[in-house]
Amino acid sequence: MQIFGKKYKIIKVAKNELDNDKIGLINYRKGIIYIVKDLAPEVWQETLLHETIHAIDEEMVLSLNEDLIRRLSCSIFAILKENGINIEFHN
Ligand SMILES: [Zn+2]
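Quick caveat, the model's predicted, so the values are computed rather than measured.

Novice: Hey, could you run me through the nonpolar core in this one?
Specialist: For soluble globular proteins, nonpolar side chains are generally found buried alongside one another. With ten residues, the main nonpolar core is built from Tyr 8, Ile 26, Ile 33, Tyr 34, Ile 35, Val 36, Leu 48, Leu 49, Ile 53 and Phe 77. Broken down by secondary-structure element, the contributors of at least two residues to this core are β5 (32-36) and α1 (41-60). The element that contributes the greatest number of residues to this core is β5, accounting for four residues. If sequence neighbours within four positions are ignored, Ile 26 has contacts with Ile 33, Glu 51, His 54 and Ala 55.

Novice: Honestly, the pairing of β5 in this entry has me stumped. Any pointers?
Specialist: Taken residue by residue, a regular strand's side chains alternate between the two faces of the sheet. Of all five residues in β5, four are buried, a share of seventy percent or more. As paired strands, strand β4 (residues 24-27) and β5 are joined by four bridges and run antiparallel to one another. The partner of Gly 24 across the bridge, within β5, is Ile 35.

The rules behind each value
Residues numbered from 1 in each chain as written. Predicted model: local features only at pLDDT ≥ 70, side-chain atom pairs only at ≥ 80, totals over all residues. Core = buried A, V, L, I, M, F, W, Y, C linked by C-beta atoms within 7 Å. Buried ≥ 20, exposed ≤ 12 C-beta atoms within 10 Å, placed from the backbone. Helix = DSSP H or I, 4+ residues; strand = E, 2+ residues; numbered from the N terminus. Contact = placed C-beta atoms within 7 Å. Pairing = 2+ DSSP bridges.

Below, the structure is given as structure tokens:
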């Protein structure tokens, strides 16, 4: 996928490959988003949205903390869903 012109590769990983029970991780320098495989489709989408907000935070120098990013991704995802807006990410 592409965020502000920067390409990110999405790589599915096993749960034990990410630290601290994380299910998603973004590496800005490498341009890679890691997401645990076999998540329920909605969890997968929300996780990708969460990592995308990390990228926005980084690019826009927002200095959001993890808790704010979690609340933002959760609420944006809920609003999209409530309004029947489906987000599909393409690699
Ligand atoms: Zn996060």
